[in-house]
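# Notes for the structure review
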2 protein chains.
Amino acid sequence: MPSTVFDPPALESGTLRVTPLGGLGEIGRNMTVFEYGGKLLVVDCGVLFPEEHQPGVDLILPDFEPIKHRLDDVVAVVLTHGHEDHIGAVPYLLKLKADIPLIGSGLTLALVEAKLKEHRIKPYTLTVKEGEHEQVGPFDLEFVAVNHSIPDALAVAITTPAGVALATGDFKMDQLPLDGRLTDLRAFARLGEAGVDLFLVDSTNADVPGFTALERSIGPVLDQVIGKAPRRVIVASFSSHVHRVQQVLDAAAAHGRRVALLGRSMLRNMTIAEDLGYLHVPEGILIDYKKARDLPDDKIVYMSTGSQGEPMAVLSRMANNDHEIEPGPGDTVILASSLIPGNENAVYRVIDGLTKLGATVVHKGNAKVHVSGHAAAGELLYCYNILKPKNVLPVHGEYRHLIANAKLAQDTGVPADRTIIGENGTVIDLRDGLARVVGQLDLGFVYVDGSTVGEITDADLKDRRTLGEEGFISVIVVIDSATGRVITGPEIHARGFAEDDRVFDAVKPKIAAALAEAAQSGVRDTHALSQVVRRTIGRWVNQSLRRRPMIIPLVIEA
Amino acid sequence: MPSTVFDPPALESGTLRVTPLGGLGEIGRNMTVFEYGGKLLVVDCGVLFPEEHQPGVDLILPDFEPIKHRLDDVVAVVLTHGHEDHIGAVPYLLKLKADIPLIGSGLTLALVEAKLKEHRIKPYTLTVKEGEHEQVGPFDLEFVAVNHSIPDALAVAITTPAGVALATGDFKMDQLPLDGRLTDLRAFARLGEAGVDLFLVDSTNADVPGFTALERSIGPVLDQVIGKAPRRVIVASFSSHVHRVQQVLDAAAAHGRRVALLGRSMLRNMTIAEDLGYLHVPEGILIDYKKARDLPDDKIVYMSTGSQGEPMAVLSRMANNDHEIEPGPGDTVILASSLIPGNENAVYRVIDGLTKLGATVVHKGNAKVHVSGHAAAGELLYCYNILKPKNVLPVHGEYRHLIANAKLAQDTGVPADRTIIGENGTVIDLRDGLARVVGQLDLGFVYVDGSTVGEITDADLKDRRTLGEEGFISVIVVIDSATGRVITGPEIHARGFAEDDRVFDAVKPKIAAALAEAAQSGVRDTHALSQVVRRTIGRWVNQSLRRRPMIIPLVIEA
C-alpha cells in the first residue's frame with residue numbers, strides 16, 4: 001500500500017494526467033495511463049513475475065481498478081516492445097473489453113497476438129514503425145526507434161495540447177547493435193529542441209555506472225565456449241531474446257553443431273521471429289530435441305528457457321534431474337542472461353544443481369555471456385542532455401533505481417522539484433510545462449493463480465508461505481453434540497514434517513483432556529472447541545518440535 | 001616525406017578542396033586548409049612539441065609552403081580552441097601576413113592574442129560563440145559547442161556549394177562537464193539530418209575503448225590527496241587546463257591552503273581565464289610564490305607547469321634540484337595531466353628525480369588525477385551514429401589512431417572507401433557527396449630554434465643527436481703549406497666525454513704520424529688532410545673508448 005493515499009481532483013481541461021499503474025518500485029508489470037479530454041491512452045500492460053514469497057502465484061498483474069469502469073474511454077494500448085513485463089497483462093485487460101485497439105511494432109504485435117490466441121482473443125491491432133505518427137483520440141503519437149534486448153522496440157512521444165510526454169519503454173543505446181537499429185538520438189534531439197515536457201524513462205540500470213557493453217561483445221565469447229565444449233551444450237536465455245538466440249545459432253553453426261529449441265515460449269517466439277525476418281536460421285541447423293538424442297554429444301546445442309531459475313522451466317527441471325535431458329560431466333551449460341533482482345536464490349540453486357550433476361556452468365558471474373538490455377547511467381546522461389526534459393518521471397525500477405535515475409536527471413540540470421519519484425498509482429498532472437503530483441491511488445497486487453485472477457489475496461499468500469516453510473497439521477475430532485464427549489479422534493495428519501505422524505500420539509491425550517475440560521465447563525460451540533484444539537496442539541508442537549505450522553482444527557458434531 | 005608524392009589537378013569549380021598541413025600521423029601542429037572558389041580558409045594553426053630526437057628544437061610548425069604564395073587568398077583562420085597544438089603557430093603565420101583575420105571563441109582569442117603580443121603582433125579578430133553563423137568569403141561557418149580539456153572549444157561546420165564539412169577540433173563528450181557546456185549533440189543531430197559530407201574528427205583516443213571518465217571524478221581525488229598531504233603540495237598540469245586548476249584551487253581552499261602559480265604560461269593563462277570569468281579564484285587564495293615560503297609547509301600548494309617533463313619547465317627543474325623550491329621528504333607532487341605519447345622518458349625521469357629527492361609522486365599511473373580531453377571509442381561511435389557522415393577524414397592522431405578512428409566509422413556503416421586515411425599534405429576534393437584523394441604534397445617539418453624559423457634542417461638535428469649522445473672532438477693542426485709538416489698541434493678538445501682531455505695524449509703522435517705519411521705522399525690539400533685526421537682519431541676513439549663522437553678536424557696552413 002502506498003505511503004499516503006489521497007484522491008486527485010477532477011481533471012481540468014487542457015491538462016494531461018499521467019498515472020502509472022505498475023512498474024514503479026518494482027521491475028515488471030509496466031503500465032501507464034495517460035488521460036486527456038476524457039480519453040485514456042494506455043502505454044504497456046505487462047506482468048510481474050512472482051518472487052519466492054509469493055508461492056503458487058503464476059503472474060502478478062497491474063491493478064486495473066482505476067480504469068475498470070472507464071474501458072470505453074480507452075482509445076488504445078500502445079505496446080513499446082514484446083517483453084512479458086510490457087505485454088503479459090494484455091490478455092487480462094482484453095478479457096474485460098476485447099476491442100481495445102493495440103498499437104505496436106510488427107514483432108511486438110506478433111508476440112502479443114500469439115499470447116492472445118492462447119486466451120482465444122483476436123485483437124484489433126495497428127502496426128506502426130519508427131518515424132511514424134498516429135492520431136488516436138486527442139493523442140498525437142510519434143514512434144521512435146529504441147534499442148533493447150528484443151528487436152523492434154519503440155519509444156512513444158505523446159503530444160496533446162497540454163504538452164509532450166516521451167515514454168522510452170525499455171531501452172539502451174548500443175552504438176553497434178547487431179541489427180543496426182540504434183536508439184534514434186536524432187529524433188531525441190529533435191523532440192528535445194521542440195521541447196519535451198515529461199520524460200518517462202527506464203530506470204533499470206540507472207544505478208549501474210558507465211555504459212552497457214556492446215551486444216556484439218557476447219558473440220565471440222559464446223563462440224569460444226561452444227567451440228571448446230567437449231560434450232553437449234545447453235544455453236538458457238530469455239525466450240524473446242532474438243539476438244542472443246541468433247548468436248547461439250551462429251556459434252553452433254560455426255562449430256558444426258545443430259540446435260534444438262526447448263520450451264514452449266522459446267519455440268513459439270523464435271518461430272514468429274523467423275517468420276518476420278528478425279531471426280536468420282542457418283539452413284538445416286534446427287533439429288527436434290527428440291531427434292537430437294541420436295546426434296553425438298559434441299554435435300548438439302540445446303537452447304532453452306529457465307535462465308531465471310523459474311521452477312517449471314526446462315533448466316530448473318534439468319538441474320533437478322527431472323528432465324529427459326540429464327546434464328552430466330562434460331556437458332556445458334551457459335546462462336546467457338541477466339539475473340533479475342529477486343531471482344538470485346532460484347538461479348544459484350539451478351547453478352548448484354547443475355554443478356552437482358557434473359556440468360560446467362558458464363554464467364554472467366564467470367564469463368561475458370550476457371549484456372543488459374537497459375541503459376546504464378552514462379547512457380541516461382546522454383539522453384537527458386540531448387532531450388533536456390522539463391519534467392522527469394523515472395519508471396521501470398525498484399525504488400533505488402528510480403532515485404538513481406532522478407539523480408542523473410538532476411546532475412544534468414533538471415531541477416529536483418521537476419524529477420518526480422512516483423509509486424504505482426501516483427497521479428501526475430501536466431500543464432504549462434509543469435508536472436505535479438495531484439493524487440495517490442491505493443493500488444494492490446492482482447495475482448493470477450491457475451485460472452483465477454485477483455482471487456488470491458495477500459492473506460492467502462501468507463498462508464502459503466507458512467505452509468511452505470512450516471507445514472501444516474490437521475486435527476479432526478468428532479464430538480457428541482449433547483455431551484461434548486469425544487466420539488472419534490483426535491486424528492492428526494501433518495505435512496511438511498520430517499517426523500512420522502506417530503510423533504503426534506503424545507499430544508492426542510492432551511487434546512482429548514482439553515476438550516473434556518471445555519465440555520465440563522459447558523462449551524459446546526464447535527468453533528470455540530476448535531480454538532481449544534488449536535491452542536493445545538499449537539503449544540505442544542511449539543515446545544516439543546520447535547515449529548509454528550499452520551494448524552487446521554476441525555471439530556465435528558455427531 | 002609522404003609515401004607517394006603527386007600533384008593535385010587544378011581545382012574544379014563547385015569543388016571543395018581540403019588539405020591538412022599538420023596533425024595527421026602526429027599529435028600536434030594541427031592545421032587544415034579548405035579551398036573553394038579561389039579562397040582559402042584555415043582551420044587551426046598549431047605547433048608540435050619536439051621529441052627527444054629533435055634536440056634544441058623549441059617548436060615544430062606545419063609546413064606553410066602550399067599557402068605561402070597565396071596568403072592574400074586566405075579569408076580567415078578559424079581557431080577551434082586555445083591549446084598550443086591548435087594556436088601555437090599563429091604568430092609564425094601572421095609574421096608572413098599580419099592582417100589575416102582570426103576567428104574563435106572569447107577564451108581562444110584571448111590566449112592567442114596574449115601569445116601574439118609577445119611577438120608584437122596585434123591581430124584582426126572576430127569573436128564567435130556556439131550557435132552562431134558567419135559568412136567568410138565563400139564559406140558559411142556554423143560554430144558548435146564541444147567539450148574539451150580547455151573551456152570554450154568549438155567545432156566548425158563549413159558549408160559551401162560543394163557540401164558540408166564538419167571539423168570537430170579536439171573534443172570529448174563529458175556528459176557532466178564542470179562548466180555545464182556539453183558537446184552539442186543536438187546540433188550534431190541537426191547537421192547530420194541535413195547531411196554532413198565530410199567529417200574531420202579528432203582521433204587522439206580512438207584506440208581507447210569505452211568512454212572517457214567524467215572530469216568531475218578528478219576533483220574528489222585531488223581533494224583527498226591534498227587533504228592528506230603532510231607537507232607541501234606541488235601540482236603540475238597543462239597551463240591551459242582551466243578546469244583542472246579550478247579543481248586544485250577548490251581543493252586547496254577546502255583544506256586551508258593557499259596556492260602559488262608557477263611558470264610564465266600558467267600565470268598568463270590563468271589571469272586571462274579569471275578575467276574572462278572561466279576561472280573562479282576563491283577570495284585571497286592566491287599568493288606570490290616568493291611569499292609562499294613564509295607559510296607553514298602544510299598551508300601551501302604550488303601549481304606549476306612541466307607535467308610533460310619539458311626540461312626547462314618548473315617541474316623538471318625541481319626534479320633536478322635546480323629550482324629554489326626544493327622538493328623533499330613529506331612533499332607531495334601531483335602530475336594532474338595525461339602523458340602525451342613521446343614524452344614517456346622525460347616524464348618518468350622527472351618522477352624518478354622527484355622520488356629520489358624524497359617526495360611522494362601521485363600521477364595517472366597510481367591515482368585518478370587526470371582524465372583525457374579526447375573522446376574515446378565509445379563516444380566517437382555516438383558521433384558517427386548521430387551524424388551519419390558521408391565521408392570521414394580522421395585527423396589529429398598518430399597513424400594507429402587514424403586507423404582506429406576509421407574502423408569506428410566503418411563499424412557504424414560508413415563505407416571503407418569513404419573513410420580516408422590521410423597524411424599531412426594529402427589533397428582531398430569534395431564534390432557531390434564524394435570525397436576523393438587527388439594529390440599528395442611533399443611537406444616537411446619546420447623547426448623553430450631560438451629566433452630562427454625553418455633554418456634548422458633534419459641534418460642539423462642528426463648532428464645534434466650525435467653531439468648529445470656521443471659528444472664531439474675537435475682536432476686542430478697547423479701545417480706548413482710548403483712541406484706539409486706539422487707546425488703546431490694536434491690540439492685536441494673534447495666535450496661529452498667523462499675522460500680528461502689528457503686521455504687524448506696517446507693519439508696525438510698517431511695523428512702526427514698519419515699527417516707526415518700523407519705529406520710524404522704529396523698530399524697538400526687541407527680537406528684531404530682533415531679526412532686523414534678524422535679517420536685516425538675516429539678509429540682510435542672507436543677502439544680505445546668505444547664511442548662514435550662527432551669529429552671536427554681542422555687543418556690550417558701557415
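Within each chain, residues carry numbers counting from 1 in the order of the written sequence. To label them, take the chains in the order written and letter them from A, then take the ligands in the order written and number them from 1. Note on the predicted model: pLDDT of at least 70 is required for a residue's local features to be given, and 80 or more for side-chain atom pairs to be given and counted; whole-chain, interface and lining totals, by contrast, use all residues. Values shown for side chains rest on all heavy atoms present in the structure; no hydrogens or waters enter the calculation.

## So, the UniProt feature "binding site: substrate" (unreviewed entry) in chain A
Residues and elements named next belong to chain A.
- UniProt positions are given in the numbering used here, feature names are shortened, and annotations may be inferred rather than shown by experiment. When the UniProt feature table is mapped to this numbering, "binding site: substrate" (unreviewed entry) covers Ser239, Ser240, His241, His370, Val371, Ser372, Gly373 and His374.
- Secondary structure elements follow DSSP: runs of H or I no shorter than four residues count as helices, runs of E no shorter than two count as strands, and numbering proceeds from the N terminus. You can see histidine 241 is positioned in the loop between β13 (233-236) and α7 (242-254).
- In this structure histidine 241 comes out as buried when scored by relative accessible area, which is 1%.
- Discounting chain neighbours no more than four positions away, the residues touching histidine 241 are Ser149, Glu215, Met270 and His370.
- A distance of 3.3 Å separates a polar atom in the side chain of histidine 241 from the backbone oxygen of serine 149.
- In this fold, serine 372 is placed in the loop between β17 (360-363) and α12 (377-387).
- Whether two residues are in contact is decided by their heavy atoms, any of which lying within 4.5 Å being enough. Aside from chain neighbours lying at most four places away, what touches serine 372 is Lys172, Asn205 and Thr212. Exposure is judged per residue with a 1.4 Å probe applied to protein chains only, and the accessible area is read against the type maximum: over 50% gives exposed, under 20% gives buried, and values in between give partly exposed. By the criterion applied in these results, polar contacts are pairs of N or O atoms within 3.5 Å in which, for protein atoms, one can donate a hydrogen and the other can accept it, and in which residues neighboring in sequence qualify only through two side-chain atoms.

## Quick word on the sheet that holds strand β3 (residues 39-43) of chain B
All names here are of chain B.
- Read from one edge to the other, the open sheet built from eight strands follows the order β7-β6-β5-β3-β2-β1-β19-β20, with strand pairing classed as mixed. If you trace the sheet from one side to the other, it starts and ends with β7 (125-127) and β20 (434-440), each paired once. Taking the axes of each pair of neighbouring strands and ignoring which way they run, one obtains an average angle of 25 degrees across the sheet.
- Here, axes are lines fitted to C-alpha atoms. For helices the fit covers the stretch in contact, and angles between N-to-C directions go from 0 to 180 degrees. The strands touched by helix α4 (residues 106-118) within the sheet are β6 (102-104) and β7, with β6 carrying the most contacts at an inclination of about 140 degrees. Strands qualify as paired when DSSP identifies two bridges or more between them.

## Observations regarding the nonpolar core
- Residue types Ala, Val, Leu, Ile, Met, Phe, Trp, Tyr and Cys, when buried and joined through side-chain atoms within 4.5 Å, form a set referred to as a nonpolar core. Counting 64 residues, the largest nonpolar core has Leu166, Phe188 and Phe199 of chain A together with Leu166, Phe188 and Phe199 of chain B as its most contacted members.
- Excluding residues that lie within four positions of it along the chain, leucine 166 of chain B makes contacts with Ala155, Val156, Ala157, Phe188, Leu191, Val196, Leu198, Phe199, Leu200 and Leu387 of chain B.

## With respect to the interface of chain A and chain B
- Tallying the contact residues gives 20 residues for chain A and 21 residues for chain B.
- In short, buried area is how much 1.4 Å probe accessible area vanishes from two parts on joining, totalled over both. Summed over both partners, the interface of chain A with chain B comes to about 2000 Å²; 60% of that surface belongs to carbon and sulfur atoms.
- Area buried by chain A at its contact with chain B is led by Gln175, Arg186 and Tyr382 of chain A, which between them contribute 38% of it.
- Each reported salt bridge corresponds to a side-chain nitrogen of Lys or Arg within 4 Å of a carboxyl oxygen of Asp or Glu. Scanning the region where chain A abuts chain B turns up zero salt bridges.

## With respect to the packing of α4 of chain B against helix α8 (residues 264-275) of chain B
Residue and element names in this part refer to chain B.
- Running from N to C, α4 and α8 point in directions that differ by 135 degrees, and their axes come no closer than 10 Å. Put simply, α4 runs oblique to α8. Two packed elements cross with a definite hand, and for α4 against α8 that hand is right-handed. Residues Leu107, Ala110, Leu111, Ala114, Lys115 and Glu118 of α4 lie in contact with α8, whose contacting residues are Arg264, Arg268, Asn269, Ile272 and Ala273.
- Ten residues, namely Ala, Val, Leu, Ile, Met, Phe, Trp, Tyr, Cys and Pro, are considered nonpolar, four, namely Asp, Glu, Lys and Arg, are considered charged, and the remaining ones, Gly among them, are considered polar. Its residues assigned to classes, the contact of α4 with α8 shows six nonpolar, one polar and four charged. Roughly parallel means an angle under 35 degrees; roughly antiparallel, over 145; roughly perpendicular, 65 to 115; everything else is oblique. Helix crossings get a hand from a simple test, with the near helix turned counterclockwise from the far one by less than a right angle marking a left-handed crossing and a clockwise turn marking a right-handed one.

## Some words on helix α11 (residues 344-356) of chain A
All names here are of chain A.
- The end-to-end C-alpha separation of α11 is 18 Å, in line with the 18 Å expected for 13 residues at 1.5 Å each.
- For α11, the set of buried residues is Ala346, Val347, Val350, Ile351, Gly353 and Leu354. End-on, the buried residues of α11 take up no more than an arc of 165 degrees, which puts them together on one face. When the buried face of α11 is taken as reference, the exposed residues oriented beyond 90 degrees from it are Arg349 and Lys356.
- Tucked into the core, α11 has its buried residues touching α10 (314-319), β16 (332-335) and β17. Expected span of a helix, by definition, is 1.5 Å for each gap between consecutive residues, and there is one gap fewer than residues. For this quantity, the arc is that covered by the directions from the helix axis to the C-beta atoms.

## A look at a nonpolar patch on the surface
Residue and element names in this part refer to chain A.
- On the surface, a cluster of nonpolar side chains totalling about 270 Å² of accessible area is made up of Tyr399, Ile403 and Ile421.
- Along the chain, the position of tyrosine 399 falls in helix α13 (residues 399-411).
- Take tyrosine 399: its relative accessible area is 54%, and that puts it in the exposed class. Nonpolar side chains (Val, Leu, Ile, Met, Phe, Trp, Tyr) within 5 Å and like charges within 9 Å form the patches, drawn only from residues with over 30% relative accessible area and no salt bridge. Throughout, the Shrake-Rupley method with a 1.4 Å probe supplies accessible areas, and for residues the shown protein chains are the sole cover considered.

## Let's talk about the environment of glycine 422 of chain B
All names here are of chain B.
- Structurally, the position occupied by glycine 422 is in the loop between α13 (399-411) and β19 (426-431).
- Accessibility expressed as a relative area gives 4% for glycine 422, which makes it buried.
- The spatial distance from the C-alpha of glycine 422 to the C-alpha of leucine 111 is 30 Å, given a sequence separation of 311 residues.
- Apart from residues lying up to four places away in sequence, glycine 422 is in contact with Leu24, Leu393 and Leu402.

## Looking at the packing of aromatic side chains
- Ring pairs shown here join Phe, Tyr and Trp side chains whose ring centres sit within 6.5 Å, with only the six-membered ring taken for Trp; geometry is labelled stacked below 30 degrees between planes, edge-to-face above 60, and tilted in between. Applying the stated criterion across every chain, the model contains 12 aromatic pairs over all chains.
- For the pair phenylalanine 445 of chain A and tyrosine 447 of chain A, a centre-to-centre distance of 6.2 Å together with 15 degrees between the ring planes defines the contact as stacked.
- Aromatic side chains phenylalanine 199 of chain B and tyrosine 384 of chain B sit 5.7 Å apart centroid to centroid with 90 degrees between the ring planes, which places their arrangement in the edge-to-face category. Note that phenylalanine 199 of chain B is positioned in strand β12 (residues 198-202) and tyrosine 384 of chain B in helix α12 (residues 377-387), a separation of 185 residues in sequence.
- Look at tyrosine 384 of chain B and you get buried, because its relative accessible area is 1%.
- Chaining the aromatic ring pairs together yields one cluster made of Phe211 and Tyr382 of chain A together with Phe211 and Tyr382 of chain B.

## A look at the environment of alanine 404 of chain B
All names here are of chain B.
- By secondary structure assignment, the location of alanine 404 is in helix α13.
- Judged by relative accessible area, alanine 404 falls into the buried class, the value being 16%.
- Put simply, alanine 404 and serine 203 are 201 residues apart on the chain and 7.8 Å apart in space, counted from C-alpha to C-alpha.

## Brief notes about the UniProt feature "binding site: Ca(2+)" (unreviewed entry) in chain A
- The sites that carry the UniProt feature "binding site: Ca(2+)" (unreviewed entry) are, in the present numbering, Gly56, Asp58 and Asp449 of chain A.
- Looking at the element boundaries, aspartate 58 of chain A is found in the loop between β3 (39-43) and β4 (59-61).

## A word on the relation of the copies chain A and chain B
- When the copies are superposed, the least-squares fit takes in the C-alpha atoms of residues with a pLDDT of at least 70 in both. The two copies are related by a screw motion: chain A maps onto chain B through a turn of 180 degrees and a shift of 0.0 Å along the axis, at an RMSD of 0.3 Å. What we have between these two chains is a two-fold relation. Of every C-alpha in chain A, the one belonging to alanine 189 of chain A sits nearest the axis of rotation, 3.3 Å from it.
- In this assembly, 100% of the residues forming the interface of chain A have copies in chain B that are likewise at the interface, indicating an isologous arrangement.

## Re the pairing of strand β10 (residues 154-160) of chain B
Residues and elements named next belong to chain B.
- Counting buried positions along β10 gives six out of seven residues, so the element sits mostly inside the fold.
- Inspection of the sheet shows strand β9 (residues 139-145) paired to β10 by six bridges, in the antiparallel sense. Paired with glutamate 142 across the strands is alanine 157, a residue of β10.
- As judged from the five bridges shared by β10 and strand β11 (residues 163-167), these two strands associate in the antiparallel manner. Within β11, the residue paired with alanine 157 across the bridge is leucine 166.
- Following β10, the chain reverses through two residues before pairing antiparallel with β11.

## Details of the state of the cysteines
- Any two cysteine sulfur atoms lying within 2.5 Å of each other are counted as a disulfide. Counted according to the given criterion, the structure contains zero disulfides over all chains.
- With no disulfide of its own, cysteine 383 of chain B lies closest to cysteine 383 of chain A among cysteine sulfurs, the gap being 15 Å.

## A short note on the confidence of the model for chain A
- Taken residue by residue, chain A gives an average pLDDT of 89. The fraction at 70 or more is 95%.
- Here the complex is predicted with pTM 0.79, and the ipTM for its interfaces comes to 0.71. A residue's pLDDT is the confidence the predictor assigns to it, expressed on a 0 to 100 scale.

## What to know about the pattern of salt bridges
- All told, the structure shown has 46 salt bridges over all chains when counted by the stated rule.
- In this structure, glutamate 35 of chain B engages arginine 70 of chain B in a salt bridge whose closest nitrogen and oxygen atoms are separated by 2.9 Å. Separated by 35 residues along the polypeptide, glutamate 35 of chain B in strand β2 (residues 31-36) and arginine 70 of chain B in the loop between α1 (65-68) and β5 (74-78) bring together distant segments of the chain.
- Residue glutamate 35 of chain B is classed as buried on the basis of its relative accessible area, which comes to 13%.
- Between aspartate 72 of chain B and lysine 97 of chain B there is a salt bridge, with the nearest N and O atoms lying 3.7 Å from each other. Of the two residues, aspartate 72 of chain B sits in the loop between α1 and β5 while lysine 97 of chain B sits in the loop between α3 (90-94) and β6, which places them 25 residues apart along the sequence.
- On the basis of relative accessibility, which here comes to 64%, the residue aspartate 72 of chain B falls in the exposed class.
- Residues joined by salt bridges that share partners form a network here, namely Arg231, Arg232, Asp297 and Asp331 of chain A.

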